[in-house]
Amino acid sequence: MSFVDEMKEKVLKGELITRKEALCLSKAPLMELQRAADEIRESMCGNGFDICTIVNGKCGRCSEDCKYCAQSAHYTTACTETYPLLSAEEFLEGAKNNANRGVLRYSIVTSGKRLSDKEVDKVCESIRRIKKETGIEVCVSFGLLDETQFRKIKEAGASRVHCNLESSARYFPEVCTTHTYEEKIETLKAAKRAGLSICSGGILGLGETMEDRIDMVLTARQLGVKSIPVNLLNPIPGTPYEGRTPLTNEEACRCVALFRFLIPDGAIRLAGGRGLVGDKGEGCFRSGANAAISGDMLTTAGITVETDMELMKKLGFEARLLNE
C-alpha cells in the first residue's frame, strides 16, 4: 500500500493526519493525491456541493494594510469606489436574486477593521428582512467583532461568520500589521461562543511556504472550522503583491487535496482567484473541493453562478448545505 493510500485509510477510520504526515503527503505524486482526496470527499461528504455568493456591503477606504487588498486605504489602486453600509432594500434585492438562482448562502462582507455597534444594529435589520422574505442562509464577514455583537447577529437570523486566517501564524505579520493573528482567532472563538458556525481559510500565493499552508489549515481544524475558503492570489496593481506570480493549477490542486486530508468532512470552498487557472477550478473540484463562492468577488470578477451550476452538474454534484 502506498503512503497516500495509507493516509487515506487512516482518515477514513476517523483518525487525524498529523503535520508531519501532511508535509510528506505534499510531496506525493499529484494524480495519486488527487484521487485519494476525492475518494475521501465522496466517502465523508457524498455528492453535496455548498454554493454561496458574497455582496460587498460596505466598500473602500479600509483602515487595514492587508497587502493583497484593493480596498486598503494604504494603497493606490483602481478600486476607487467608496460607499457606506448598503440599505436593507439593497441587501434584500441581492438575496432574492441569488436565492432564485439556486444559491444556498448569501454572505454580507464589509470593509474595515470592524463594524460599529450602530452599523451592526442596522445590518441586523437587513438580515431579519432577508430571513423573513427568502429561504437563503445568511453569512457575515464584519471584521473583528465581539461575542455580544455576534449574539445580536445570530438572533437576527444569520447562521455563519466568516473571518479568514489568511495564512499561518508565522507568516501573517508579513501579510498585515494593523491587526494580529490572535485577534482573528479570538473573533472566530467569539462567534462560536455566540452559537454561530465559523468559516475560515486563506489566500495561497502570498509568498508563504507549504508548511505555512498546512499550519493555517491545522489552526482552522483546531478551532472547529468546517468551511474552508481557498483563495488564489489575484495580484492587484497598486498593492504590495502586484508582482507576485499566481499559483499554477497544479499547485492549487495539490493544496486542495492536502486540505481534504486535513479536514476530511469539511466544505473545501474555492473562492477568489480561480478564474486565473485555465479550468475555472474543475481540477480542484476533482481533488476534493466540494464548495464554492460563486459570482463576483469584492473587487474582482469571479465565475458566474450559472457557469458553476453547469460545472457542478457535469461533476455529479448536487447543491446542498454542508456542515449545518
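In the block above lies the structure referred to throughout.
This write-up is about the structure you can find in this document. Not measured: the values here are computed from a predicted model. (Residues numbered from 1 in each chain as written. Predicted model: local features only at pLDDT ≥ 70, side-chain atom pairs only at ≥ 80, totals over all residues. Heavy atoms only, no water.)

**Some words on the overall build of the protein chain**
1) Next: Along the backbone of the protein chain there are twelve helices and ten strands.
2) Next: On C-alpha atoms alone, the protein chain measures out to a radius of gyration of 19 Å, which is about the 20 Å that the 2.2 N^0.38 rule sets for 324 residues.
3) Next: Taken along the three principal axes of its C-alpha coordinates, the protein chain extends 60 × 40 × 35 Å.
4) Next: Across the 324 residues that make up the protein chain, the buried fraction comes to 58%. (Helix = DSSP H or I, 4+ residues; strand = E, 2+ residues; numbered from the N terminus. Rg over C-alpha atoms; globule rule 2.2 N^0.38 Å. Buried < 20%, exposed > 50% of the residue type's maximum accessible area, 1.4 Å probe, protein only.)

**Section: helix H12 (residues 305–314)**
1) Next: By the burial criterion, the buried members of H12 are Val 305, Asp 308, Met 309, Leu 311 and Met 312. Burial along H12 is one-sided: seen end-on, the buried residues are contained in an arc of 165 degrees. Counted as exposed and oriented over 90 degrees from the buried face of H12: Glu 310, Lys 313 and Lys 314.
2) Next: Against strand S1 (48–58), helix H4 (88–100), helix H11 (282–285), strand S9 (291–294) and strand S10 (318–319) lie the buried residues of H12. (Arc of directions from axis to C-beta. Contact = heavy atoms within 4.5 Å.)

**What to know about the nonpolar core**
One recurring pattern in soluble globular proteins: nonpolar side chains tend to sit buried together.
1) Next: Ranked by internal contacts, the top residues of the largest apolar core, which has 97 residues, are Phe 91, Ile 108, Ile 130, Phe 150, Ile 153, Phe 259 and Phe 261.
2) Next: At nine residues, the largest contribution of residues to this core is made by helix H10 (residues 249–262).
3) Next: Among the nonpolar cores identified, the runner-up in size contains five residues, and Ile 54, Val 109, Ala 271 and Ile 293 belong to it. (Core = buried A, V, L, I, M, F, W, Y, C linked by side-chain atoms within 4.5 Å.)

**Points about the pattern of salt bridges**
1) Next: This structure, assessed with the given rule, holds 28 salt bridges.
2) Next: One salt bridge connects Glu 318 with Arg 320, and the closest N-O pair in it is separated by 2.8 Å.
3) Next: The network of salt bridges with common partners includes Asp 5, Lys 8, Glu 9, Arg 35 and Glu 39. (Salt bridge = Lys/Arg side-chain N within 4 Å of Asp/Glu carboxyl O.)

**Notes on the packing of helix H8 (residues 181–193) against helix H9 (residues 210–223)**
1) Next: Direction vectors running N to C along H8 and H9 enclose 30 degrees, while the axes themselves pass 11 Å from each other. If you check the angle between H8 and H9, you find them roughly parallel. H9 is crossed by H8, and the crossing has right-handed handedness. Where H8 abuts H9, its residues Tyr 181, Ile 185, Leu 188, Lys 189 and Lys 192 lie against Met 216, Thr 219 and Leu 223. (Axes fitted to C-alpha atoms, helices over the stretch in contact; angles between N-to-C directions. Parallel < 35°, antiparallel > 145°, perpendicular 65-115°, else oblique. Left-handed = near helix turned anticlockwise from the far one by under 90°.)

**Observations regarding the pairing of S9**
1) Next: Side chains Ala 291 and Ile 293 project from S9 onto one buried face, and the interleaved Ala 292 and Ser 294 project onto a second face that is buried too.
2) Next: Where S1 and S9 come together, four bridges link them in parallel fashion. Within the sheet, the bridge partner assigned to Ile 51 lies in S9 and is Ala 292.
3) Next: Pairing analysis gives two bridges linking strand S8 (residues 267–270) to S9, with the strands arranged parallel. Paired with Leu 270 across the strands is Ala 292, a residue of S9. (Pairing = 2+ DSSP bridges.)

**Section: H4**
1) Next: Helix length check: H4 (13 residues) gives 18 Å between terminal C-alpha atoms against 18 Å at 1.5 Å per residue, within 8%.
2) Next: Where H4 is buried, its residues touch S1, strand S2 (105–110), helix H5 (117–133) and H12. (Expected span 1.5 Å × (residues − 1).)

**Thoughts on the environment of Asp 215**
1) Next: Note that Asp 215 resides in helix H9.
2) Next: Sequence separation between Asp 215 and Gly 48 is 167 residues; the distance between their C-alpha atoms is 27 Å.
3) Next: Discounting chain neighbours no more than four positions away, the residues touching Asp 215 are Arg 19 and Ser 168.
4) Next: Only 2.6 Å separates the side chain of Asp 215 from the side chain of Arg 19, close enough to count as a polar contact. (Polar contact = N/O pair within 3.5 Å; in protein donor to acceptor, adjacent residues only side chain to side chain.)

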